[in-house]
Amino acid sequence: YATPLVLLTLTVSLSVFTASLARTFDLQLFDQQFYRIGADMNVLTSPNTSAQNRFMPSPTDISTDLYLPTSAYEQIEGVNKAARVGRYPANISLNNSRISVEFVGIERLDFGEVAYWRDDFSRYRFISLLNALGRSPVSVIAPNQLLSANNLAVGDEVELTVSVSGG
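Residues numbered from 1 in each chain as written. Predicted model: local features only at pLDDT ≥ 70, side-chain atom pairs only at ≥ 80, totals over all residues. Heavy atoms only, no water.

Draft legend 1. Structural context of the sheet that holds strand β2 (residues 97-106). Judged by pairing direction, the sheet is antiparallel, and its three strands sit side by side in the order β2-β1-β3 without closing on themselves. Each edge of the open sheet is held by one strand with a lone partner, namely β2 and β3 (159-162). In this sheet, adjacent strand axes meet at a mean angle of 35° when their direction is disregarded. Bridging between strand β1 (residues 85-94) and β3 involves four bridges; their strand directions are antiparallel. (Pairing = 2+ DSSP bridges. Helix = DSSP H or I, 4+ residues; strand = E, 2+ residues; numbered from the N terminus. Axes fitted to C-alpha atoms, helices over the stretch in contact; angles between N-to-C directions.)

Draft legend 2. Focus on the packing of aromatic side chains. Counting across every chain of the model gives four aromatic pairs. An angle of 55° between the planes, with centres 6.0 Å apart, marks the rings of Phe111 and Phe126 as tilted. Of this pair, Phe111 sits in helix α3 (residues 108-114) while Phe126 is found in helix α4 (residues 126-134), placing the two residues 15 residues apart along the sequence. Measuring from centroid to centroid gives 5.9 Å for Tyr116 and Phe121, while their planes differ by 80°, and the two rings are edge-to-face. (Phe/Tyr/Trp six-rings, centres within 6.5 Å; stacked < 30°, edge-to-face > 60°.)

Draft legend 3. Structural context of the nonpolar core. The biggest cluster of nonpolar side chains holds six residues, and these are Leu68, Ala72, Tyr73, Ile76, Val79 and Ala82. Setting aside anything within four residues of it in sequence, one finds Val79 in contact with Met41, Tyr73 and Glu74. (Core = buried A, V, L, I, M, F, W, Y, C linked by side-chain atoms within 4.5 Å. Buried < 20%, exposed > 50% of the residue type's maximum accessible area, 1.4 Å probe, protein only. Contact = heavy atoms within 4.5 Å.)

Draft legend 4. Examining the environment of Leu129 more closely. By secondary structure assignment, the location of Leu129 is in helix α4. Leu129 sits in the partly exposed class, given a relative accessible area of 32%. Through-space distance from the C-alpha of Leu129 to that of Gly112 is 9.4 Å; in sequence the pair is 17 residues apart. If sequence neighbours within four positions are ignored, Leu129 has contacts with Trp117, Ser122 and Tyr124.

Draft legend 5. Region of the structure containing the pattern of salt bridges. A full pass over the atoms with the stated rule returns five salt bridges. With its nearest N and O atoms 2.5 Å apart, the salt bridge here joins Asp31 to Arg118. Separated by 87 residues along the polypeptide, Asp31 in helix α1 (residues 2-37) and Arg118 in the loop between α3 and α4 bring together distant segments of the chain. On the basis of relative accessible area, Asp31 is assigned to the buried category, the value being 18%. A salt bridge links Asp120 to Arg118; the nearest nitrogen and oxygen atoms lie 2.8 Å apart. In this structure, a network of salt bridges that share partners links the residues Asp31, Arg118 and Asp120. (Salt bridge = Lys/Arg side-chain N within 4 Å of Asp/Glu carboxyl O.)

Geometric values such as these leave the question of function open.
Now the structure itself:
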């Protein structure tokens, strides 16, 4: 009975390992997609220019470039809460050189309710971090690699040029 017992043990061990590996890959893919998108749904829109809005039942008559209020997105079936996030190309001026970066602007109050966040991302609560960011109108979050590569420290001031709609 030793040989069948060893084969049975090996088979069960291999199946448990495979199931655990599959679960790990599944959770990693799930987290990766949430981290990339930022929430359950990501709707890409451009400024409203007097056109029929496909989310609103009646035509809108707006002559200037305005973005829809978040309440318009909350009318979409399955959407409970919405927040605006803008991604814009930007440049940081440091020591007579320019570094190209991506500037992400958020509506801080709404963003905390819709953004993907895990407790192991930080030892602080997400809302606390957003409130700390909102205490100063000139605060930004920058990656550690950017700070260390350019001899910057927390609290240093930099000039940031953001291009919004080509302007």
